[in-house]
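Coordinate analysis (summary)
The lines below spell out each chain.
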Amino acid sequence: MDARPAMTRPRVAVSGCLLGEPVRFNGGHSRDRFLAGALGPHVDWVPICPEMEAGLGTPRETLRLEGSDRGPRLMTRTSRVDLTDRMTALAAARTAALDVDGYVFKAKSPSCGLHGIPVHRESGPPADRRGRGVFAGVVLSADPLLPVEDEGRLHDALLRETFVERIFAHARLRELLTGDWRPRDLVAFHARHKMQILAHDPAAYRLAGRLVAQAGNRPRDELAADYAGAFRTALSRKASVGRNVNVLHHCLGMITVDALQRADLVEVIASYQAGLVPLSVPVTLLRHHARGEDGGYVLGQTYFSPYPADLALRNHVPA
Ligand code: SF4
């Protein structure tokens, strides 16, 4: 029997142009193949085009960030209208009602860009290239633990896997905490996420364990907020090769295999550690051997199925 629970669909906000909506300044789009293709069937998108929602329409004059003594301003490039306050107010209102498990922003946009947006002088070359889109900046300040990426960074296999893992984990947590959960539900949730949390952040793993031990003895809302904080913080930390190796050995210690099988598994884990095979190889082999009563616990770990298997995001060899 497959011990893996059904996948919860994440709700993910996205710059609308990335899904192919014709909302760019020139009436075009920036459809992203991975987002609109492979990932699309597994998530519920919440497309947002801040510049359209700010009433700028299409086609429209292009915008850019300009430095000022009040920080970067969002300006129309030729007519030089300052749209910063309008965009900030829109972002605050949108953010307050967002309720999503992640956000994919369009790179290089003065509204949506997350990193490296040029901040111009009135004329001449940019004074700074470390700006952030005005809309994106408000979203991030409101919830620093929200999984966010831009489509450019998602072309990197490791960043893509990390982001997708996080949005599915957030979705499962949201599903639990927005339901009529009991202390035993939180205990069960934590039990099946243990290896996943451990792979990201051993300190948060210990903290989350202590919090769960208090289930039933603390006000529900307080406990939920503390646990959510520990869980989301853990997932925001990168799962390193060393921590994955630790988790794989942990799981190997929990299943019954003969000496030959154990030696095979140890060798495959070492190959992953050495950068010779991707994480999918030891994970698949461990899952294969996790049979019977003692295998159920291992198979039930979200570490082994953090997102739908057909996304196949663990097939890259660690650098
Ligand atoms: Fe709209 Fe943002 Fe795309 Fe620009 S980058 S078209 S503001 S969604």
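Residues numbered from 1 in each chain as written. Predicted model: local features only at pLDDT ≥ 70, side-chain atom pairs only at ≥ 80, totals over all residues. Heavy atoms only, no water.

Quick notes on the environment of Val139
Following the sequence through the fold, Val139 ends up in helix H4 (residues 134-142). Among the residues examined, Val139 registers a relative accessible area of 2% and is labelled buried. The sequence separation of Val139 and Thr88 amounts to 51 residues, and the corresponding C-alpha distance is 9.7 Å. Not counting chain neighbours up to four residues away, the residues in contact with Val139 comprise Thr95, Tyr103, Phe105 and Leu146. (Helix = DSSP H or I, 4+ residues; strand = E, 2+ residues; numbered from the N terminus. Buried < 20%, exposed > 50% of the residue type's maximum accessible area, 1.4 Å probe, protein only. Contact = heavy atoms within 4.5 Å.)

Considerations on the sheet that holds strand E7 (residues 128-131)
One open sheet accounts for four strands, arranged E4-E3-E6-E7; its pairing is mixed. Either end of the sheet is taken by a strand with one partner, and the two such strands are strand E4 (73-76) and E7. Direction aside, neighbouring strands of the sheet carry axes that sit 55° apart on average. Across four bridges, strand E3 (residues 63-66) lies against E4 in antiparallel orientation. Among the inter-strand pairings, Leu63 is bridged to a residue of E4, identified as Thr76. (Pairing = 2+ DSSP bridges. Axes fitted to C-alpha atoms, helices over the stretch in contact; angles between N-to-C directions.)

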